[in-house]
Structure formats: C-alpha cells, structure tokens
Amino acid sequence: MNQDHQQFHASLEAHDDVAINPSTNPALSDLLSPARRNVLKGGLTLAALGFFAGGISACRSAGASPLLGFKGVPVQIDPQFDRVLVAEGYRATPFFSWGDPVEAGAPQWSPDASDDWLAQLKQAGDNHDGMDFFAFDGETDRGLLVMNHEYVNPPLHSGNRIDQSKPRPLSEVRKEQAAHGVSVIEVKKAADGQWQRVMDSPYNRRISALTAMRIAGPLAGHELLQTVADPSGLEVLGTINNCATGITPWGTFLTCEENWHNYFINHDQADYASRVSHKRYGLAKEGTSKNYAWETADPRFDATPDPQQAHGGYVNEPHRFGWVVEIDPFDPQAQPVKRTAFGRFGRECAALSLGDDGRMAFYSGDDARGEYVYKFVPSGRFDAANPKASRDLLDQGTLYVARFDADGSGQWLALVHGQNGLTAASGFASQAEVLLNARAAADLVGATPMDRPEWAAVHPASREVYVALTNNDGRGDKQPTDKANPRPQNLHGQILRFKEQGADPSAETFSWELFLLAGEQKGARDANGNAVPANLTGTINGDLFSSPDGLAFDSHGRLWIQTDYGDDEAAMQTMGCNQLLCADPSTREVRRFLVGPRGCEITGLAWSPDGKAMWANVQHPGISYPAGDGQTRPRSTTVLITKNDGGVIGS
Ligand code: FEO
Ligand code: CA
Ligand code: CA
C-alpha cells in the first residue's frame, strides 16, 4: 500500500507544477526605457542601501548568529528513516493525525480504512498543510489551532487505486471530499506545562469540499459564477487543495485554494481552447480530471458546457475556486466566505503585512512554473479600536502583480480594468473578468514569470517580505533566466526578499535581492567524485537544503524554512529527507532544526503566544509514520515541538 501511496503522490506532483503560462514576458530591462530605469534606480537607491546593507556586510559570519540558539541536526539519507528528528534538547511528539476525531460524535480512526465519508466529515482531514494559532482574547495558554488539509491519497482512504476505465464509486468520492478542507481544534496548556487538545470543545470544527460557503466581493452573484445548482452565484460548496494560509488583524483565518484546477475537466475541446478561464488554468480536457476523476460520480466537477441546462450546467463551477476563503475560527456557526477581490489563480498563501497606519497588504505566490507573485491591498485600513468593523475590508481593494527589474528595483502592476492595457479590446470586459482571469491579466501587464512561487513571509519588525521560489527545471526558451530566476535547470530553488518603498504595504515600488540560492556548496563533488554542475550549486551559508516551500517568521524575527522535494531523487541524496531549517535574516546563516520521515514534506508552522510550543506538519509521510511499525498506513500528522528546559523554540 505504501508503494501505491508513493506512486500516487508522484503522479500528483507531476501535474501540480506543469507550466501553462504561455506568455513570453521579456526580461524587465528590455521593457524599460533607459530613462525609466534611471528614475527607478535613483528613487530606490537609498532605500535599498538602508535595507540590505547590514545583511550583505554581515554575510558569511557562519556560526555567529545570536538568533540561532540550537545545534543543527544532520541530514538523514536512510531510505527507511521513519521518525522526526529534532535538535538536541527538544522533543517532537505526534499531536494530531489524519482521522483523529474532531467534531462531536466522530469515531476513532480505523486502521483498516473502513471509516466511511460520514465519519470522515467529523474526523481530521488528510495532508495537513498551512496552519495558524489563534489565542483566545487575553489568554496565553488556550487557543485554536487551524489548519488546511490539502489533498488526499485515495489508496490510503479506500484501499483502492483509481481505475480510470470506470466511474468512481460515489462513496469513495464523498470520503475524499470530506477529507479536504480545514480543521479547527481547541488546544490548551495543561497543568504539567504540555499542550493538549480539548476534545469536547464547541469550537472543534471540520470544513470540507462539501461545506456551503458564501461568495463575496466583486464576483458575488456574477453570471460567470452561476451554475445550474446555484443560479444565484452566491453560494458554493466547499474549498479544495488548501495549501498555505494567512491571518487577518481582526483574528480570522485565510485559507488559499492552490491546485483546484486538477479537480475539473471540460471535454469540449473547442470550448476549452476559447475559454481563458479554463485553458490558462490548466483544467483537464480529455480522459478524466487530473487528480481524482470526481466528475465521474459528482457532475459538479464536469465543467463541459451543457446548453440543455441553466447556466450551462457546471461550466462556471471552476470559477468558484482559486480564491482566498475567510474563516472565523471563533464562530463555529459562521459560513466561510470566498473573497473574490483577491483574484483567482493557484494561490499558495495570503501573508499579511500591516502598516503602522492600518494599511495592509496580503502577499501570495502562484505555484506553477513561470507564474507570478501578487499582492492584494485592501482599500480600507484596519482600525484596531474597532476590529469587527473590518469584516468586509477584504471585499474592496487592488490586486497587483510583481515585476522584478534587473537593477534590484521592482514595480507592482495594478490589475485594474482600464489600466495597464486591461480593456475590453484586450479581452477583459470588466474588473470581474480581470479578477477571474488574473493570470491572463498578469501576462498582459508584463509581470515577471517566476520559479514556482510558494509561500511568502513578512518580517515582524521590518516588514521585509521573503518569497520561496521552490524550483523550476523548465524555464526553457519561453521564459529565459533573469536576475530573480537565474538558473535554467533550477532543481533547488531560491529565496528572494524585497522591501516596499517606505516599508509601506501599499507602495507601488520596492527593492529586492536574492536572499539565497538553495543547493550544493560551490565546488561540491557528487558520490562519484564528479564536480556538481553550476546550476545545482547555491549560496547557502550553513546547512544545505533544496526546494524551499513553507516560510514563516517567529516573533523574534527568525525565518523558518520548510522543504518539499522528492527525497528519492538522485539530486537530493545529499539533502536527505525533507526538513525544517531556521535562518537569521541578518547574517543569512541557515541551520537545520528538524528532519521528517522519508517521503514526507514538512509544512505548516504555528506557535503558542509565548513561543515555547511550536506545531509543524508532516505531510504525506511515506513510511508508517507516526506508528513506526512498518505496517500501519502512514498518516499526515501535526507534531508538537517543545524545548526540554521549557524555553523559547530556537533560542
Ligand atoms: Fe501546496 Fe505549492 O504547495
Ligand atoms: Ca507548498
Ligand atoms: Ca511544494
């Protein structure tokens, strides 16, 4: 079974990162007139120097970081490595696994895959991903841990592989839908100082691919969001492929829909070719939908236009995914809300930057080869004195996409109808269509195609923004290398950082630099003694890693980096299993803090308010983690990490 599971995971990976960006946006230096380049450069020089100089001058002071107070752990290359290894003086304990009871009446997880979909609706979903901690007002020892369940591995759920020649059994599809979405669980620090779940909490909640949610913002009720089942265009069932997250200053959770396109198909080839909202997003067009063939049991996922049905059947259903979904974890009755002002793409995250004056930005990557980095700037400001008044701030604002110029400056390009060439003549009839087809709008305005942008994280003091560009082995001729994406066969990825002009989240210009290129050390040799090719060598000051994915800052300004690569691939043998590392933004020193079991990805990160407990997710372990018995089905699991002396994690 584990082999099936691994094969299935590999098949998902293979099409999750397929390049579908047809644009040939040129290198930025070509777009700018020399005069324009100078204006930008002149305007940003001081800001750039002021911001990055400390980091650059302090670079390579290995081992000197005052922020990294732990001893690094070694890579783990054993193909049978089946546990979580954490730095000396710490412990990592399984805390919350797929199938654990969440809502009242949920049965215990069955080791034999016999749980049905109704059980799964109340149990923890699968493939834990982005995660945040929400403290109860005025309390430091009690809160809600809220996390995404990104996808499912069908062979683990039903014991069966998908047979592409037959319709899927509805019972299997429903169980898989129930295992998607979000979990909310209450946690508290017990008398012995250890964090534990509150099993009977009224806040414990599951949200799935079947939960009704409201559509808000510029596309609420729009005809392009209407379907035969929802002629209003105001209510959609569920959220899928929820990857990373965001939080709002008013205490809500933002879950982001990433590879939703792999759940839909449009069999009508001519319609597909002419429909930007399907084609530019890479929906399937023949056979079955790419991930699970749900449409063979649930017609909602068949987006082939049907003129016999109102609103063309479900042709618009894929328009109802790819958004940011806002969830109030403190109100278990509240409907989740899809916020369409954020624009629609393969969204990784919505990382908040909050200015002193209440202005906000939410940063997002779009994780496919050659896709873009975006930010959404709400029109209004957050008023800390009246947080409830902020509830609809996410329905109005400006979506921007980033252009990274070769001279280290950058420009936020507004995706606003009537600006930057986004008009009816260029295929955008209205602002609603700009947001619906945000990728195509970004192509048109000349955004910089990036090496698979994953998570963004914002430094808690400086508001410097870090973006993980996980890897990209297919830039090819269409998207030549540039300063921000400098390697053609980029197996290891990079982390880029930028600072908004004036540290203002709503600024339209910024300065940027590469924080590091991941990969082997310069001059490294492979197992056969051959020099490692230049495109696989990086600039890491400290412990090596590949494919940065999750990024998060703790409140002390440590940058935590989580990795996601195929740990069985030849080029990854020196990196071993996926891992959690910690970097000092000033010295750029990187130290490995934790290594996960073989086959997993390490993702999701949250802290208790005192920074003395950390939760991280072990997603899709390949070995029978957390059981470690070589028999039991592997289960995605949240681990709780504490320091034996009760201190702050990382200190
Ligand atoms: Fe769900 Fe691109 O990570
Ligand atoms: Ca990811
Ligand atoms: Ca990834």
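You'll find the structure just up there.
Below, the structure is looked at part by part. What you see is a predicted model; the values in this text were computed from it and never measured. (Residues numbered from 1 in each chain as written. Chains lettered and ligands numbered in written order. Predicted model: local features only at pLDDT ≥ 70, side-chain atom pairs only at ≥ 80, totals over all residues. Heavy atoms only, no water.)

What follows covers the coordination of the calcium ion (ligand 2). Looking at the metal site, the calcium ion (ligand 2) is ligated by Glu454 (OE), Asp549 (OD) and Asp549 (OD), spaced 2.5 Å from it. Between the calcium ion (ligand 2) and the calcium ion (ligand 3), a separation of 3.6 Å is found, and both are coordinated by Glu454. A residue pair is termed long-range when its members are at least 10 positions apart, and Glu454 in strand β19 (residues 453-458) and Asp549 in strand β24 (residues 548-553) qualify at 95 residues. The burial state of Glu454 is the same as that of Asp549; both residues are buried. (Donors = N, O, S within 2.8 Å, 3.2 Å for Na, K, Ca; no water. Helix = DSSP H or I, 4+ residues; strand = E, 2+ residues; numbered from the N terminus. Buried < 20%, exposed > 50% of the residue type's maximum accessible area, 1.4 Å probe, protein only.)

Further remarks concern the sheet that holds strand β18 (residues 409-414). Either a parallel or an antiparallel arrangement is found when strands of a sheet pair, and the pairing is made through backbone hydrogen bonds. The strand order β14-β15-β16-β17-β18-β22-β21-β20-β19 describes an open sheet built from nine strands, whose pairing is antiparallel. Of all strands in the sheet, those with a lone pairing partner are β14 (351-354) and β19, marking the two edges. When the angles between neighbouring strand axes are averaged without regard to direction, this sheet yields 30 degrees. Across four bridges, β14 lies against strand β15 (residues 360-365) in antiparallel orientation. From the neighbouring strand, Leu354 faces β15, where its bridge partner is Met360. (Pairing = 2+ DSSP bridges. Axes fitted to C-alpha atoms, helices over the stretch in contact; angles between N-to-C directions.)

The subject of this paragraph is the nonpolar core. Ile240, Tyr263, Phe264, Tyr292, Tyr374, Val401 and Leu415 are the most contacted members of the largest nonpolar core, which has 54 residues in total. Looking at this core, the elements with two or more residues in it are α1 (2-16), β4 (142-149), β5 (181-189), β8 (212-216), β12 (324-327), β17 (397-404), α9 (431-436) and α10 (438-445). The biggest single contributor to this core is α10, with five residues. Residues contacting Val401, with those up to four places away along its chain left out, are Tyr372, Val373, Tyr374, Gln411, Trp412, Leu413, Leu415, Ala442, Val445 and Ala447. (Core = buried A, V, L, I, M, F, W, Y, C linked by side-chain atoms within 4.5 Å. Contact = heavy atoms within 4.5 Å.)

Here we come to the pattern of salt bridges. According to the stated counting rule, one finds 40 salt bridges in the structure shown. Where Arg320 meets Asp230, a salt bridge forms, and the shortest distance between an N and an O atom there is 2.9 Å. Taken together, the residues Arg320 in the loop between α8 (276-279) and β12 and Asp230 in the loop between β8 and β9 (235-237) connect sequence positions 90 residues apart. Note on accessibility: Arg320 and Asp230 belong to one class, buried. For Glu371, the salt bridge identified is with Arg439, shortest N-O distance 3.6 Å. (Salt bridge = Lys/Arg side-chain N within 4 Å of Asp/Glu carboxyl O.)

Moving on to the environment of Pro488. Mapped onto the fold, Pro488 is located in the loop between β20 (465-469) and β21 (494-500). For Pro488, a relative accessible area of 47% translates into the label partly exposed. When near neighbours in sequence (up to four residues on either side) are disregarded, Pro488 contacts Asn472, Asp473, Gly474, Arg475 and Thr481.

In this section: the coordination of the calcium ion (ligand 3). Protein coordination at the calcium ion (ligand 3) comes from Glu454 (OE), Asp549 (OD) and Asp564 (OD), with a distance range of 2.3 Å. Mapped onto the sequence, the residues coordinating the calcium ion (ligand 3) show the spacing E-x94-D-x14-D.

Tallied over the full model, the rule gives zero disulfides. The cysteine Cys349 is free of any disulfide, with Cys256 supplying the nearest cysteine sulfur at 6.3 Å. Residue class for Cys349 comes out buried when judged on its relative accessible area of 1%. The structure places no disulfide on Cys600, whose sulfur is separated from the nearest cysteine sulfur, that of Cys577, by 7.0 Å. On the accessibility criterion, Cys600 (0% relative accessible area) is buried. (Disulfide = S-S within 2.5 Å.)

The subject of this paragraph is the side chain of Thr252. Turning to its location among the elements, Thr252 is positioned in the loop between β10 (242-247) and β11 (253-257). Looking at Thr252, its side chain comes within polar contact range of the side chain of Thr248, at 2.6 Å. Within the structure, the side chain of Thr252 is placed 3.4 Å from the side chain of Trp250, a separation counted as a polar contact. Discounting residues that sit within four places of it in the chain, Thr252 has contacts with Phe134, Gly246, Ile247, Glu326, Ile327, Asp328, Pro329 and Arg391. (Polar contact = N/O pair within 3.5 Å; in protein donor to acceptor, adjacent residues only side chain to side chain.)

Everything listed here is a matter of geometry and, on its own, says nothing about what the molecule does.
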